[in-house]
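One-letter residues, chain by chain:
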Amino acid sequence: MSYDTVRGVDPALADALEGERDRQEHTLAMIASENHASEAVLEAQSSELTNKYAEGYPGERYYAGCEYADDVEELAIERAEELWGAEHVNVQPHSGTQANMGVYLAMLDPGDKILSLELEHGGHLSHGHPANFTGKTYEVEQYEIDAETGYIDYEALDSLADEFDPDIIVSGYSAYPREVDFQRVQETAESVDAYHLADIAHITGLVAAGVHESPVGVADFVTGSTHKTIRAGRGGIIMCDEEYADDIDAAVFPGAQGGPLMHNIAGKAVGFKEALQPEFEQYAQQVVDNAKALGQRLQNHGFSLVSEGTDTHLVLVDLRDSHPDTSGTVAEEALEEVGIVLNKNTVPGETRSPFNPSGIRAGTPALTTRGFDEEACEQVADIIYEVVDNPDDEDVKAEASAKVDELCEEFSLYEGDGSITDYE
Ligand SMILES: *Cc1c(COP(=O)(O)O)cnc(C)c1O
């Protein structure tokens, strides 16, 4: 996008916006939760709908002048229902966290019990962390990843569910490289008479494209974010059966939010339309193929992967075996210097701390949007190896940086006219 108008009003802000645009073009976004929204999504998100108040739902608004807001929200809902096959969809949550809040508010009372995965094992703040409203409002017990295998220990989850007697069990994670057995978690939830919330924030796109098992129609509630693998711009979404529709809608508005971000809902609508095209299935499959290729090549270089591989869009590298003296923080910083942007991450059985953990998490959704294939991802793995193996060697880093520049140029984010390259 061009920021000429902003520049006329506010050069300092234009510098920051252009700086961010150029940073995205000249670096490799490997933070597993990030992606590059299309030109159409960006345009819709910056529309005049940012001016409009539309409290309520289509056909039942608290303000006048909502006819186009209604059209936009109905398009987003219809397409989401088609993409995920849900009976009821609420597209108003401002974010994935707000989507989860909607479910908790609808189904739980303060003091009720949540059973969820530990943040340090790949869970999310909004699943009951003490620093989050969930940790302050509800009683929380947490399950873990088996540190030996790197997989969810479903049997341990069963015993914990029996012991704790939760009101809701949360599945769906931020740093789990394997397919989640939603049916298995559903059986556990039913056995203790708890609701099951499947939070597919990271894998919305993989589920929509059918490359990951869907929890829709299995779990009672499915929440997601719209800016990760589904690539529909920033926001959240809730899906459920018709029987919970009114409770969920009332919990989102007026329960948790005021006026919906109609411009973001417009972004969701057009992003969902893009995801309904056959090309999106190829994209999602390529995301997974790329993550497998990246992981395999990292393993060839001697790195250990949590669970020894991936079924999804991300790999979690445990540096302790191959590089015991290199923390995730050191690796993250050295890689950022050469233009590979990913994040340090805790690993199951963490022996350092959340601020200086032993792992790094790397995802392929954004690279795949730029057109990366398996071979290009193997090149990225080679660069990651060189840098993590020599985090203080300036010559190695200079060479790595030049290779990243070449890849950014080969898989350019923008066409000559400045628009974002279409995915294939
Ligand atoms: C990313 C994520 C969310 C949503 O986060 P927001 O930043 O609030 O949109 C929710 N749950 C999980 C598991 C996530 O990874």
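Per chain, residue numbering runs from 1 following the sequence as it is written. The predicted origin of the model limits local features to residues at a pLDDT of at least 70 and limits the giving and counting of side-chain atom pairs to 80 or more, whereas totals for whole chains, interfaces and linings rest on all residues. Values reported for side chains reflect all heavy atoms of the structure, with hydrogen atoms and water molecules removed beforehand.

A. Main features of the overall build of the chain. Segments assigned H or I by DSSP are reported as helices when at least four residues long, segments assigned E as strands when at least two residues long, and all are numbered from the N terminus. Check the secondary structure of the chain and you find 17 helices and 15 strands. Throughout, radius of gyration means the C-alpha value; the globule benchmark is 2.2 Å times the number of residues raised to the power 0.38. For the chain, whose C-alpha radius of gyration is 21 Å, the value lies close to the compact-globule estimate of 22 Å for 424 residues. We call two residues contacting when some pair of their heavy atoms lies within 4.5 Å. Long-range pairs, those at least 24 residues apart, make up 72% of the contacts in the chain between residues at least 6 apart in sequence. For the chain, the computed accessible surface area is about 17,500 Å², with 44% contributed by carbon and sulfur atoms. Only four residue types enter the charge count: Lys and Arg as positive, Asp and Glu as negative, with His and the chain ends excluded. The atoms used to mark charge sites are NZ of Lys, CZ of Arg, CG of Asp and CD of Glu. Averaging the coordinates of the 24 positive side-chain charges in the chain and doing the same for the 86 negative ones gives two points 4 Å apart. Accessibility throughout is a Shrake-Rupley quantity obtained with a 1.4 Å probe, and a residue counts as covered only by protein chains that appear here.

B. Region of the structure containing empty space enclosed by the protein. The method works on a 1 Å grid over the protein atoms by themselves. A cavity is a set of points holding a 1.4 Å probe that cannot get out, a pocket is an open set with protein on both sides within 12 Å along at least five of seven lines, and residues with an atom within 4 Å of a point line them. Grid points are joined across faces, edges and corners, and a volume is the space filled by probe spheres set on the points. Tallied over the entire structure, the rule returns three cavities of 30 Å³ or more. Along its surface, the largest cavity is lined by 16 residues, and Tyr173, Tyr176, Val180, His202 and Ile203 are the ones closest to its centre. Each residue gets one label: Ala, Val, Leu, Ile, Met, Phe, Trp, Tyr, Cys and Pro are nonpolar, Asp, Glu, Lys and Arg are charged, and the others, such as Gly, are polar. When grouped by side-chain class, the residues that make up the lining of the largest cavity number eight nonpolar, six polar and two charged. Here the lining of the largest cavity gathers at least three residues from each of two domains, domain 1 (43–275) and domain 2 (278–410). Here the second largest cavity is characterised by a volume of approximately 50 Å³. Surrounding the second largest cavity, Ala86, Glu87, Val216, Gly217, Ala219, Asp220, Val222, Met239, Cys240 and Asp241 form its lining. Segment limits for the domains were obtained from an automatic or database-derived domain assignment.

C. Region of the structure containing unusual backbone geometry. With an omega of 10 degrees, the peptide bond running from Phe253 to Pro254 counts as cis. When you line up the elements, Pro254 lands in helix α10 (residues 245–256). Positive phi outside glycine occurs at Arg231, with the angle close to 65 degrees. Within the secondary structure layout, Arg231 lies in the loop between β9 (221–225) and β10 (236–240).

D. Molecular detail of the pairing of β10. The element β10 is extensively covered by neighbouring structure, given that five of its five residues are classed as buried. Residues Gly236, Ile238 and Cys240 of β10 are buried on one face, and the alternating residues Ile237 and Met239, pointing to the opposite face, are buried as well. In short, DSSP must find at least two bridges between two strands for them to pair. Sheet topology places β9 next to β10; five bridges connect them, and they run antiparallel. Within β10, the position partnered with Gly224 by the bridge is Ile237. For every residue, the accessible area (1.4 Å probe, protein chains only) is compared with the maximum for its type, and the residue is labelled buried under 20%, exposed over 50%, or partly exposed between those bounds.

E. Region of the structure containing the nonpolar core. Counting 59 residues, the largest nonpolar core has Trp84, Ile230 and Phe272 as its most contacted members. If you tally residues by element for this core, the top one is helix α4 (residues 67–84), at seven residues. Of the domains in this structure, domain 1 (43–275) and domain 2 (278–410) are the two that each give at least three residues to this core. By convention a nonpolar core is built from buried Ala, Val, Leu, Ile, Met, Phe, Trp, Tyr and Cys residues, the set being connected through side-chain atoms within 4.5 Å. By size, the runner-up hydrophobic cluster in this structure holds 32 residues, among which are Ile360, Val404, Leu407 and Phe411.

F. Quick look at the domain arrangement of the chain. According to the domain assignment, the chain consists of domain 1 (43–275) and domain 2 (278–410). In this structure, domain 1 and domain 2 have C-alpha centres spaced 28 Å apart. Contacts between the two partners involve 26 residues from domain 1, matched on the other side by 27 residues from domain 2. Throughout this description, the term salt bridge denotes a Lys or Arg side-chain nitrogen within 4 Å of a carboxyl oxygen of Asp or Glu. Taken together, the links from domain 1 to domain 2 amount to one salt bridge. A salt bridge links Asp311 to Arg178, with the shortest nitrogen-to-oxygen separation between them at 2.8 Å. Here a polar contact is recorded for every N or O atom pair within 3.5 Å, except that within protein the pair must consist of a potential hydrogen donor and a potential acceptor, and residues adjacent in sequence are included only if both atoms are side-chain atoms. Taken together, domain 1 and domain 2 are joined by eleven residue pairs in polar contact (both at pLDDT 80 or more). Looking at the side of domain 1 that touches domain 2, the elements with two or more residues in it are α9 (204–208) and α11 (262–275). Residues of the side of domain 1 that touches domain 2, tallied by class, amount to 13 nonpolar, eight polar and five charged.

G. Quick peek at helix α7 (residues 154–164). Taken residue by residue, α7 has Tyr154, Leu157, Leu160, Ala161 and Phe164 as its buried positions. Each buried residue of α7 lies within a common arc of 115 degrees when the element is viewed along its axis, so the set occupies one face. Along α7, exposed side chains directed more than 90 degrees from the buried face belong to Glu155, Asp162 and Glu163. Put simply, Asp153 is the residue that caps the front of α7, since its side-chain oxygen is 3.3 Å from the backbone nitrogen of Glu155. Of the residues flanking the end of α7, it is Asp165, one or two places downstream, whose phi is positive at about 55 degrees. The arc in question is traced by the directions running from the helix axis to the C-beta atoms.

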